[in-house]
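Close look at the chain arrangement
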Amino acid sequence: MKQVIVPAVLAVSMALAACAATRHFDEANRLLADGKSEEGLAQLELAYRDNPRSAPVRAALLRERERQAGGFISTGEAALRAGQLDAAEQAFGRATQVDPGNARVAGMAAEVQRARAHERLVAEAGRLEAAGDADAAEAVAEMAVVGLVRVGLEARAADLAADAAVRTDRGRGLEKR
């Protein structure tokens, strides 16, 4: 008798899990169709948790993660190019929340950290200049410009290079009169 009950209980449990997964999957599709991306993704996560062997649920979950992460990545890349490092970092953080295994997000987050390091060089160049060490300030500013170009912040690098050229000219008595 025990041998009959265990498979029956297992079959009922699997059927209930599949039913719950279907309910979550249907709700996810409704929410996504209504433009409620975060809620829809949460329902897909629940559907996958309830039925991880369902190919349609798994495919929908992966597709939606990629779609949402891609949107955050695009936003982050635009913010990074504009030199808005806080906004870029926030967007890449959201992408990581949506799709933790996304290698592209990790690479872009590293770009933000490199940009921050170069911004620190810019600040250091300013401190050196204020302290009267124009040669050291110019050398550090050059490193910052090269680094900013490497991380895609050409506009910020051009501004820094122009500022450094004006300061260098002033230091040599070449400023425009």
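Counting restarts for each chain: residues are numbered from 1 in the order of the written sequence. Only residues with pLDDT of at least 70 are given local features in this predicted model, and only at 80 or more are side-chain atom pairs given and counted; all residues enter the totals for whole chains, interfaces and linings. The basis for every side-chain value is the complete set of heavy atoms in the structure, and neither hydrogens nor water enter the calculation.

1. Quick word on the pattern of salt bridges
Side-chain pairing between opposite charges can occur once the charged atoms of the two side chains come close. Formally: For this analysis, a salt bridge means a side-chain nitrogen from Lys or Arg found within 4 Å of a carboxyl oxygen belonging to Asp or Glu. A run of H or I in DSSP becomes a helix once it reaches four residues, and a run of E becomes a strand once it reaches two; helices and strands are each numbered from the N terminus. Relative accessibility thresholds used throughout: buried, under 20% of the residue-type maximum; exposed, over 50%; partly exposed, between the two (1.4 Å probe, protein chains only).
According to the stated counting rule, one finds eleven salt bridges in the structure shown. Its salt-bridge partner being Glu-77, residue Arg-104 comes within 3.1 Å of it at the nearest N-O pair. One end of the pair, Arg-104, is in helix α5 (residues 103-130); the other, Glu-77, is in helix α3 (residues 55-81), with 27 residues separating them in the sequence. Since its relative accessible area comes to 18%, Glu-77 is described here as buried. A network of salt bridges, in which partner residues are shared, links Glu-27, Arg-30 and Asp-34.

2. Digging into α5
Put simply, the rule is: A helix is expected to span 1.5 Å for every residue after the first. Here a polar contact is taken to be a pair of N or O atoms separated by no more than 3.5 Å, where protein atoms must pair a possible hydrogen donor with a possible acceptor and residues adjacent in sequence count only if both atoms sit in side chains.
The end-to-end C-alpha distance of α5, which contains 28 residues, comes to 41 Å, matching closely the 40 Å that a straight helix rising 1.5 Å per residue would cover. Turning to α5, its buried residues number three or more, namely Val-105, Met-108, Glu-111, Val-112, Ala-115, His-118, Val-122, Ala-125 and Leu-128. The N-terminus of α5 is capped by Asn-102, whose side-chain oxygen sits 2.9 Å from the backbone nitrogen of Arg-104. Count one or two residues on from α5 and you reach Gly-132, which has phi positive near 90°.

3. Let's talk about the packing of α5 against helix α6 (residues 134-150)
Under the convention used in this document: Angular values range over 0 to 180 degrees, each being the angle between N-to-C directions of two axes fitted as lines to C-alpha atoms, with helices fitted over their stretch in contact. Should an angle fall under 35 degrees it is called roughly parallel, over 145 degrees roughly antiparallel, and 65 to 115 degrees roughly perpendicular, with every other angle called oblique. By convention, the crossing between two helices is left-handed when the near helix turns anticlockwise from the far helix through less than a right angle, and right-handed when the turn is clockwise. Contact definition: two residues touch when any of their heavy atoms are within 4.5 Å. Under the grouping applied here, Gly and all other residues not named as nonpolar or charged are polar, the nonpolar ones being Ala, Val, Leu, Ile, Met, Phe, Trp, Tyr, Cys and Pro and the charged ones Asp, Glu, Lys and Arg.
Closest axis-to-axis distance for the α5/α6 pair is 8 Å, and the angle between their directions is 160°. It follows that α5 is roughly antiparallel to α6 by the angle criterion. For the element pair α5 and α6, the recorded crossing hand is left-handed. Residues Glu-111, Ala-115, His-118, Glu-119, Leu-121, Val-122, Glu-124, Ala-125, Leu-128 and Glu-129 of α5 pack against Ala-136, Ala-137, Val-140, Ala-141, Met-143, Ala-144, Gly-147, Leu-148 and Arg-150 of α6. Grouping the constituent residues of the contact of α5 with α6 by class yields twelve nonpolar, two polar and five charged.

4. Brief notes about the confidence of the model for the chain
Spelled out, the test is: pLDDT is a residue-level measure of predictor confidence that goes from 0 to 100.
When the pLDDT values of the chain are averaged, the result is 80; 79% of them are 70 or greater. Confidence scores differ between elements of the chain, with helix α1 (residues 2-33) showing the lowest mean pLDDT of 62 and helix α4 (residues 85-98) the highest of 94. Confidence over residues 172-177 falls short of pLDDT 50; this stretch has four contacts with residues more than four positions distant or in other chains.

5. Re the side chain of Gln-43
Inspection of the secondary structure puts Gln-43 in helix α2 (residues 37-50). Setting aside residues no more than four positions away along its own chain, Gln-43 makes contact with His-24, Glu-27, Ala-28 and Leu-31.

6. As for the nonpolar core
This is how it is decided: Buried Ala, Val, Leu, Ile, Met, Phe, Trp, Tyr and Cys residues form a nonpolar core when they are joined through side-chain atoms within 4.5 Å.
Grouped together as the largest cluster of nonpolar side chains are 28 residues, with contacts concentrated most on Leu-80 and Phe-92. Among the secondary structure elements, those contributing two or more residues to this core are α1, α2, α3, α4, α5 and α6. Broken down by element, this core gets its largest block of residues, seven residues, from α3. Counting five residues, the second largest nonpolar core, distinct from the first, contains Ala-125, Leu-128, Val-140 and Ala-141.

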